[in-house]
Each structure stands twice: as structure tokens, then as C-alpha cells.
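Chain by chain, the residues:
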Amino acid sequence: MSKKQIPCRYCKQEVDDGVKRCPHCGTHNPTIGVKKAMVWTVGAIIAFYLIGFVLQMLH
Ligand SMILES: [Zn+2]
């Protein structure tokens, strides 16, 4: 059983599923889809808004 191969989201060359870094182009987490990255980005923005809101409430 060989590891599942997934195309890198940046250079499209196949890499092992779950690798931390693409061996071809050096992209971090190349197998994490764009959708998942978007969810993380949106989540981080919401978290920053909430922190900012809480800090304003404290003043
Ligand atoms: Zn790549």
C-alpha cells in the first residue's frame, strides 16, 4: 500500500497526502485545499474582530 498522492495546490505536482511542505515548490501544507485555507483565514479574521470588540468593551 503506497501513500495517497495529491496534486500540490500551487505547482500541481503530486505529493504525499498530508506532507508539511511540497518537495517541488516548497509550499507549506500543499495538500490542504483552498476551501480549507479560506475557512482558516475567515476564522482568523472573525477571531481578530472578536478580540478587538472585547478590548473596546473593556475600555
Ligand atoms: Zn508544489
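What counts, and at which threshold
- Residues numbered from 1 in each chain as written.
- Predicted model: local features only at pLDDT ≥ 70, side-chain atom pairs only at ≥ 80, totals over all residues.
- Helix = DSSP H or I, 4+ residues; strand = E, 2+ residues; numbered from the N terminus.
- Buried ≥ 20, exposed ≤ 12 C-beta atoms within 10 Å, placed from the backbone.
- Contact = placed C-beta atoms within 7 Å.

K.L.:
Lay out the overall build of the protein with the relevant residues and their values.
P.N.:
What the protein contains, in helices and strands, is 1 helix and 2 strands. Taken across its 59 residues, the protein has 8% of its residues classed as buried. Counting only contacts in the protein whose residues sit at least 6 apart along the sequence, the fraction spanning at least 24 positions is 7%.

K.L.:
How would you summarise the environment of Phe 48 if you had to cite specific residues and measurements?
P.N.:
Among the structural elements, Phe 48 can be located in helix α1 (residues 34–58). Exposure remark for Phe 48: the 10 C-beta atoms within 10 Å place this residue in the exposed category. As a C-alpha pair, Phe 48 and Pro 23 span 25 residues in sequence and 33 Å in three-dimensional space.

K.L.:
Tell me about unusual backbone geometry, and please be specific about residues and values.
P.N.:
In this structure, Lys 12 takes a positive phi of about 70° despite not being glycine. With respect to the secondary-structure elements, Lys 12 resides in the loop between β1 (5–7) and β2 (14–16).

K.L.:
Requested: an account of the environment of Gly 33, with residues and values cited.
P.N.:
With respect to the element layout, Gly 33 can be found in the loop between β2 and α1. Separated by 13 residues in the primary sequence, Gly 33 and Lys 20 have C-alpha atoms spaced 13 Å apart.

K.L.:
Mind laying out the environment of Lys 4, listing which residues take part and the relevant values?
P.N.:
Tracing the sequence through the fold places Lys 4 in the segment before β1. A residue is classified by how many C-beta atoms lie within 10 Å of it, and Lys 4, with 10 of them, is exposed.

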